[in-house]
Amino acid sequence: MSVSQLLIGAVSLAAIAGLAVVPSLVDAYHLALGITLLQFTILATAWGLFSGPTRYVSLATTAFFGVGAYTVAVLGEQLPWPLVLTVAAVIGSVTSAIVGLSTLRLSGVHFVIFTFGLAELVKQLVVWFEVNKSRVLGRYIFLDITQQDIYWQLLALAVIVFAVGWLIARSRLGFALRIIGEDETVARHCGINVTFAKVALFVISAVFMTLVGAIMAPRWTYIEPSIAFNATISFEVVIMALLGGAHRVWGPALGAIPLTLLFEFLSARFPNTSTLIMGVVFLLIVYALPSGVVGLIEKIRQFRRGSAAQGSGT
Amino acid sequence: MMSSSAPILKVEGLTRRFGGLVAVNDMGFTVHAGEIVGLLGPNGSGKTTAINLISGVLQPDAGRVVLGDTDIAGWPTFKIARLGVARTFQLVRVLDGMTCGDNVRAGLAFNQRARIESDVSVDGLLARVGLADHNSRPASELTYIDRKRLELARALALRPSVLLLDEWLAGLNPSELQIGIALIRSLKDEGLSILMVEHVMAAIRSLCSRCVVMSSGRRIADGPTDTVLRDPAVIEAYLGAPEHA
Ligand SMILES: Nc1ncnc2c1ncn2[C@@H]1O[C@H](COP(=O)(O)OP(=O)(O)OP(=O)(O)O)[C@@H](O)[C@H]1O
Ligand SMILES: [Mg+2]
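Residues numbered from 1 in each chain as written. Chains lettered and ligands numbered in written order. Predicted model: local features only at pLDDT ≥ 70, side-chain atom pairs only at ≥ 80, totals over all residues. Heavy atoms only, no water.

A word on a nonpolar patch on the surface
Our working rule: Each patch groups residues whose relative accessible area exceeds 30% and which form no salt bridge, using 9 Å between like charges and 5 Å between nonpolar side chains of Val, Leu, Ile, Met, Phe, Trp and Tyr. Only the protein chains shown count as cover for residues, and all accessible areas are computed by the Shrake-Rupley method using a 1.4 Å probe. Only one rule defines a salt bridge in this text: a Lys or Arg side-chain nitrogen within 4 Å of an Asp or Glu carboxyl oxygen. What counts as a helix is a DSSP run of H or I of at least four residues, what counts as a strand is a run of E of at least two, and both are numbered from the N terminus.
A cluster of nonpolar residues, Val21(A), Leu25(A) and Val26(A), forms a patch on the protein surface that exposes about 270 Å² of accessible area. Mapping Leu25(A) onto the fold places it in the loop between α1 (3-20) and α2 (28-54).

Now the structure itself:
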């Protein structure tokens with residue numbers, strides 16, 4: 001291991017330890033903000049795990065998030081908490097595997113529309129089931145889980161999602177996905193099982209989204225389909241990941257953190273026009289930073305290296 | 001041991017339609033171990049479609065593609081590639097966002113055949129096609145002929161039992177053409193079996209021991225190169241094609 005790797009490891013550990021003690025230092029408002037920050041960081045990073053290398057734009061985030069939240073609403077009081085999370089993860093992975101196998105042969109635009117429709121479909125299925133079978137409109141979630149517990153669980157999940165992303169990027173699967181992102185035909189001719197690689201990543205990404213939904217659920221005491229399956233989340237996550245830059249594991253977080261703060265600020269200051277402003281922000285991002293913050297950083301580095309080489313050369 | 005006359009690749013009754021057009025019509029031919037077979041024909045005669053059917057990009061409507069003793073017709077491309085069918089593309093395809101080294105590694109990494117051969121290395125393959133010291137160079141910086149070389153190195157990384165070249169020599173200038181011909185000949189000298197779609201007559205004459213000629217999806221000739229190129233039916237197919245007139 002090199003010195004810089006050790007340094008990065010040490011800094012990360014210190015950062016995790018620092019973040020872990022935050023709940024005991026801040027008031028309820030800031031704890032809630034911290035939870036929202038972690039939620040979007042994980043969602044955007046998980047989104048980038050799949051969409052970064054494959055360049056598929058998925059609007060299914062809220063479908064998996066909602067599946068996680070509803071699993072808790074239904075099973076939360078029946079089973080011990082770790083088991084609830086496990087069941088949520090299993091449901092999320094089965095759902096995403098089915099969706100992946102049936103849609104990843106679609107080309108880009110069709111995939112976007114399908115994933116958008118998927119969230120609505122899952123939501124309507126839940127509504128239908130609740131109205132006709134369980135005969136309730138919404139559900140109450142009374143669990144002995146505090147805001148601090150939610151925060152710590154999300155922090156742990158964030159660590160895991162980064163670790164998984166880091167491992168994938170260095171694995172053969174990650175290499176396969178980079179090749180697929182470059183040229184799918186070439187990938188197949190190199191012996192890559194493209195469908196398997198894509199579905200695998202789609203499932204991994206979806207499991208994290210489902211778990212975020214499950215962990216977040218106890219935050220609401222009352223839940224109904226329109227709360228759990230909120231399409232805005234899907235769009236926000238795409239914007240965040242694109243702002244950060246989805247072709248690096250840590251890219252989406254660089255978009256999630258500032259945008260969460262910005263959205264929070266906007267919806268507090270301009271509650272009526274915040275959606276409009278968000279739209280404008282989105283347009284500006286796509287226009288000004290096509291490869292995101294990560295792309296910008298890489299460009300600056302390259303520029304520096306270029307001018308340094310010139311300086312030493314002459 | 002496989003005798004030198006055992007076919008590596010045997011195509012029988014291969015057929016593929018696009019709507020009303022029969023792009024490949026009851027095609028049959030063989031490639032034997034260590035030989036270069038030319039696949040010729042005027043524009044639109046179905047050569048690339050035949051390559052796509054063999055490599056699994058397209059599914060045949062009928063026919064057999066036998067590799068060694070396995071019928072691979074209709075198999076997914078990645079499985080066919082893992083069995084040792086490597087190819088290049090009529091419009092050269094390299095992974096532009098990656099280094100030359102990673103382009104070759106792409107061919108090595110997903111393939112048991114390649115990975116167990118410890119003597120196959122990225123640098124060795126790059127040097128093999130004339131790109132020594134290009135390992136960390138971005139593929140996007142390469143000239144046209146070097147892109148062709150890189151694509152070939154990626155194909156060779158699969159340790160192919162048969163190599164399919166779709167007009168690999170097209171677009172090279174006269175001196176590059178000599179380099180290209182020498183490179184392909186050296187592959188044959190190492191024992192590689194090659195099926196090459198080609199229009200460049202000089203290359204066909206100097207490289208191909210046998211040629212198969214297609215016209216409108218059908219095989220109109222198959223035999224030793226000299227005989228085939230003198231065949232009146234072949235000459236007429238070429239002269240009859242307005243693109244070549
Ligand atoms: N995917 C496709 N869909 C519909 N028609 C196709 C498709 N691919 C090829 N064709 C048609 O099939 C015929 C054979 O095309 P193909 O590309 O195989 O010819 P070729 O011999 O490789 O020609 P060239 O020398 O110009 O490369 C052409 O008429 C072409 O238009
Ligand atoms: Mg062609």
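Let's talk about the site of ligand 1
All names here are of chain B. Defined as follows: Any residue with a heavy atom positioned within 4 Å of a molecule or strand is treated as near that molecule or strand. Nitrogen and oxygen atoms within 3.5 Å of one another constitute a polar contact, given that in protein one can donate a hydrogen and the other can accept it, and given that sequence-neighbouring residues count only through two side-chain atoms.
Within the structure, ligand 1 sits among 14 residues, and Gly44, Lys47, Thr48, Thr49 and Gln90 are positioned closest to it. In this structure, an oxygen atom belonging to ligand 1 sits 2.8 Å away from a main-chain N or O atom of Gly44. Contacts to ligand 1 include Ser45, whose backbone N or O atom sits 3.2 Å from an oxygen atom. Isolated, ligand 1 exposes 640 Å² of accessible area, and the fraction of that covered by the protein chains is 61%. Mapped by element, the contributors of at least two residues to the shell around ligand 1 are β2 (21-32) and α1 (47-55). Counting residues per element, the shell around ligand 1 draws most heavily on α1, which supplies 3 residues.

As for empty space enclosed by the protein
Regions of empty space are outlined by a rolling probe, equal in size to a water molecule, passed over the atoms. Heads up, the rule is: Space inside and on the surface of the protein is sampled on a 1 Å grid over the protein atoms alone, with a cavity defined as a set of points where a 1.4 Å probe fits but cannot get out and a pocket as an open set with protein on both sides within 12 Å along at least 5 of 7 lines; lining residues have an atom within 4 Å of a point. Grid points are joined across faces, edges and corners, and a volume is the space filled by probe spheres set on the points. When residues are sorted by character, Ala, Val, Leu, Ile, Met, Phe, Trp, Tyr, Cys and Pro go into the nonpolar class, Asp, Glu, Lys and Arg into the charged class, and all the rest, Gly among them, into the polar class.
One pass over the structure, following the stated rule, counts 2 cavities of 30 Å³ or more. Approximately 50 Å³ is the volume found for the largest cavity. Lining the largest cavity are Val186(A), His189(A), Cys190(A), Ala86(B), Arg87(B), Phe89(B), Arg154(B), Ala155(B) and Leu158(B). Elements that contribute at least two residues to the lining of the largest cavity include exactly α8 (184-189) of chain A together with β6 (85-87) and α6 (144-157) of chain B. Partitioned by chemical class, the residues of the lining of the largest cavity number 6 nonpolar, 1 polar and 2 charged. Size it by volume and the second largest cavity reaches roughly 30 Å³. Lining the second largest cavity are Trp47(A), Phe50(A), Ser58(A), Phe64(A), Phe202(A), Ser205(A) and Met209(A).

Description of the interface of chain B and chain A
This is how the line gets drawn: Residues count as neighbours in contact if any of their non-hydrogen atoms are within 4.5 Å of one another. Two parts lose some accessible area (1.4 Å probe) when they are put together, and adding that loss for both gives the buried area.
Tallying the contact residues gives 22 residues for chain B and 15 residues for chain A. Between chain B and chain A lies a buried interface of about 1800 Å² when both sides are counted; carbon and sulfur atoms form 66% of it. Looking only at chain B, the three residues that lose the most surface to chain A are Phe78(B), Met98(B) and Phe110(B), adding up to 34% of its buried area. Residue Arg93(B) is joined to Asp183(A) by a salt bridge in which the shortest nitrogen-to-oxygen separation is 2.7 Å.

A closer look at the nonpolar core
The nonpolar side chains of soluble globular proteins are, as a tendency, buried together. Put simply, the rule is: Working definition of a nonpolar core: buried Ala, Val, Leu, Ile, Met, Phe, Trp, Tyr and Cys residues. They are joined through side-chain atoms within 4.5 Å. To sort residues, take the accessible area from a 1.4 Å probe on protein chains only and compare it with the maximum for the residue type: under 20% means buried, over 50% means exposed, and anything in between is partly exposed.
Counting 92 residues, the largest nonpolar core has Leu43(A), Leu154(A), Ile179(A), Ile192(A), Val212(A) and Leu259(A) as the members making the most contacts within it. Top contributing element to this core by residue count: helix α9 (residues 194-216) of chain A, with 15 residues. The residues touching Leu154(A), leaving out its near neighbours within four places in the chain, are Ile35(A), Leu38(A), Gln39(A), Ile42(A), Val212(A), Ile215(A) and Met216(A). Core analysis: the next-biggest nonpolar cluster, separate from the first, contains 48 residues, Leu131(B), Leu150(B), Leu165(B) and Ile181(B) among them.

Some thoughts on the pattern of salt bridges
In a structure, side chains of opposite charge can pair up when their charged atoms sit close to one another. Inspection of every chain in the model, using the stated rule, returns 16 salt bridges over all chains. Residue Arg139(A) is joined to Glu130(A) by a salt bridge in which the shortest nitrogen-to-oxygen separation is 2.6 Å. The exposure classification of Arg139(A) matches that of Glu130(A), with both residues buried. As a salt-bridge pair, Asp102(B) and Arg178(A) come within 3.4 Å of each other at their nearest N and O atoms. Taken together, the positions of Asp102(B) in helix α3 (residues 100-109) and Arg178(A) in helix α7 (residues 172-182) put the pair across two chains. Connected through shared salt-bridge partners, Glu35(B), Arg210(B), Arg219(B) and Asp222(B) make up one network.

Section: the side chain of Glu236(A)
Residue and element names in this part refer to chain A. So the rule is basically this: Asp and Glu count as negative and Lys and Arg as positive, but His and the ends of the chain are not part of the count.
In this fold, Glu236 is placed in helix α11 (residues 231-244). No salt bridge is formed by the buried Glu236, whose closest oppositely charged neighbour, Arg219, lies at an N-O distance of 11 Å. The residues touching Glu236, leaving out its near neighbours within four places in the chain, are Phe40, Phe263 and Met278.

Things to note about the confidence of the model for chain B
Here is the rule: Every residue gets a pLDDT, meaning the predictor's confidence in that residue, from 0 to 100.
Overall, the prediction assigns chain B a mean pLDDT of 90, with 92% of residues at 70 or greater. Prediction confidence for the complex, expressed as pTM and ipTM, is 0.85 and 0.90 respectively.

Brief notes about the packing of α7(A) against α9(A)
All names here are of chain A. Threshold: For helices, the axis comes from a line fit to the C-alpha atoms of the stretch in contact; other axes are also lines fit to C-alpha atoms, and the angle between any two N-to-C directions lies between 0 and 180 degrees. Should an angle lie under 35 degrees it is considered roughly parallel, over 145 roughly antiparallel, and from 65 to 115 roughly perpendicular; all remaining angles are considered oblique. A clockwise turn of the near helix away from the far one marks a right-handed crossing, whereas an anticlockwise turn of less than a right angle marks a left-handed crossing.
Running from amino to carboxyl end, α7 crosses α9 at an angle of 110°, the nearest separation of the two axes being 10 Å. The pairing of α7 with α9 is recorded here as roughly perpendicular in orientation. Pair α7 / α9 crosses with left-handed handedness. Residue-level inspection shows Leu173, Leu177 and Ile180 of α7 in contact with α9, the latter providing Val194, Ala197, Lys198 and Leu201.

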